[in-house]
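Report on the structure
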Amino acid sequence: MLSGKVEGMATPVSGNHQLEAEPSSSLAEAVAIMARLRGPDGCPWDREQTFDSIKRHTLEETYEVFDAIERRAWPDLKDELGDLLLQVLFYAQMASEAGYFTLQDVASNLNAKLIRRHPHIFGDVVASDSADVLRNWEQIKQSEKKASTDLQPSDLPSSMLDDIPRAMPAVLEASKLGSRAAKVGFDWPNADGLFDKLQEEIGELKAELKPSSDGRSPSAIEAEFGDLLFTAVNLARHLKVDPETALRATNAKFRRRFAAMESAAGSRDALAASTPSELDRLWNQAKNVASEPPRS
């Protein structure tokens, strides 16, 4: 099933989950609008954009999608998904102009990949549970990677970590690096070892902070702090906690509690003028006042 074709199927989608017809016309209109914006008489700002200038907006829009989901703000999610789709249309339009590929190519590649990586749906492979699905997915992915590598020059040594993007958020990259290394057994056997490792990394960071005749080394402090964060991310993986979600939830909690502190103090100036003991009191009070948002 690595060809991406399904014998006897006119379309890869069928049955009760047939895609509705309406999105195709709306998507075609969006493609046309994007082409006009980038056209000779289009928007000056849109025409000036490049792959590099747009990519930071893509990251921002992705996080705004995350935020809408976490807030369970479904109308906002509808808007944010539209903004994220705009990024795809932008890249595809610029790629089409440069002769790299078209939006049709993007969709065709996606369709083929979905069919290829779901042989238990579009082929004769049996998958009894989600674990079997993930195992099959990874095997197919590795076969695809090998086929792609065979077509590339082999001057440089390859690593099983090479296909993990370096440009992704560092927390997500660390999590994926740890997960990939664990596939060959390079991992802590359980969370207990990671708690010990955390203490070890804290000790090494403290050692770098001690005064010495040579003075503190900012680069060494940064390196040890990075090791501490990397270990914490791997601990999250063993605890089956998504570190990005956990940190975003803590960020939101801090926002709520700090806002409660500001409210209790009466003004920002009053908060800034508070003594450390007063700030501690306001914080402890805020912990009881700033309740957690409901989840559904």
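Notes on the structure follow. (Residues numbered from 1 in each chain as written. Predicted model: local features only at pLDDT ≥ 70, side-chain atom pairs only at ≥ 80, totals over all residues. Heavy atoms only, no water.)

**Regarding the overall build of the protein chain**
- Broken down by element type, the protein chain carries 13 helices and zero strands.
- In sequence order, the protein chain lays out its α and β elements as α-α-α-α-α-α-α-α-α-α-α-α-α.
- Here the protein chain holds 296 residues, and the buried ones make up 22% of them.
- Here the analysis covers contacts within the protein chain between residues at least 6 apart in sequence; of these, 56% occur between residues at least 24 apart. (Helix = DSSP H or I, 4+ residues; strand = E, 2+ residues; numbered from the N terminus. Buried < 20%, exposed > 50% of the residue type's maximum accessible area, 1.4 Å probe, protein only. Contact = heavy atoms within 4.5 Å.)

**Here's the deal with the side chain of Thr231**
- In this structure, Thr231 sits in helix 10 (residues 218-238).
- With sequence-adjacent residues up to four places away left out, Thr231 is seen in contact with Leu194, Lys197, Leu198 and Glu201.

**A few points about a nonpolar patch on the surface**
- On the surface, Phe51, Tyr100, Phe101 and Val106 cluster together into a nonpolar patch covering about 370 Å² of accessible area.
- Tracing the backbone shows Val106 in helix 5 (residues 103-116). (Patch = residues over 30% accessible without salt bridge, like charges linked within 9 Å, V, L, I, M, F, W, Y side chains within 5 Å. Areas by Shrake-Rupley, 256 points an atom, 1.4 Å probe, with all protein chains shown as cover. Salt bridge = Lys/Arg side-chain N within 4 Å of Asp/Glu carboxyl O.)

**Section: the packing of helix 3 (residues 51-70) against helix 4 (residues 74-98)**
- Orientation of helix 3 relative to helix 4, taken along the N-to-C sense of each, is 160°, at an axis distance of 9 Å. Taken together, the axis directions place helix 3 and helix 4 in an arrangement best described as roughly antiparallel. Every pair of crossing elements has a handedness; the one defined by helix 3 and helix 4 is left-handed. Contacts from Phe51, Ile54, Lys55, His57, Thr58, Glu61, Thr62, Glu64, Val65, Ala68 and Ile69 in helix 3 reach Asp76, Leu77, Glu80, Leu81, Asp83, Leu84, Gln87, Phe90, Tyr91, Met94 and Ala95 in helix 4.
- Of the residues contributing to the contact of helix 3 with helix 4, the split by class is twelve nonpolar, four polar and six charged. (Axes fitted to C-alpha atoms, helices over the stretch in contact; angles between N-to-C directions. Parallel < 35°, antiparallel > 145°, perpendicular 65-115°, else oblique. Left-handed = near helix turned anticlockwise from the far one by under 90°. Nonpolar A, V, L, I, M, F, W, Y, C, P; charged D, E, K, R; others polar.)

**Topic: the pattern of salt bridges**
- Applying the stated criterion across every chain yields a total of 13 salt bridges.
- The shortest N-O distance in the salt bridge between Arg135 and Asp132 comes to 2.3 Å. One end of the pair, Arg135, and the other, Asp132, are both in helix 7 (residues 130-150), three residues apart, so they sit about a helical turn from each other.
- Taking the relative accessible area as the measure of exposure, Arg135 reaches 45% and is therefore partly exposed.
- Between Glu201 and Lys197 there is a salt bridge, with its nearest N and O atoms 3.3 Å apart. Here Glu201 and its partner Lys197 are both found in helix 9 (residues 191-209), four residues apart, which amounts to about one turn of the helix.

**A few points about the packing of aromatic side chains**
- All chains considered together, the criterion is met by six aromatic pairs.
- Consider the rings of Tyr63 and Phe66, whose centres lie 5.7 Å apart with planes at 80°: the pair is edge-to-face. With Tyr63 and Phe66 both in helix 3 and three residues apart, this pair spans about one turn of that helix.
- Residue classification places Tyr63 among the partly exposed residues on the basis of a relative accessible area of 23%.
- Residue Phe66 is classed as partly exposed on the basis of its relative accessible area of 34%.
- One aromatic cluster is present, built from ring pairs that chain together Phe51, Tyr91 and Tyr100. (Phe/Tyr/Trp six-rings, centres within 6.5 Å; stacked < 30°, edge-to-face > 60°.)

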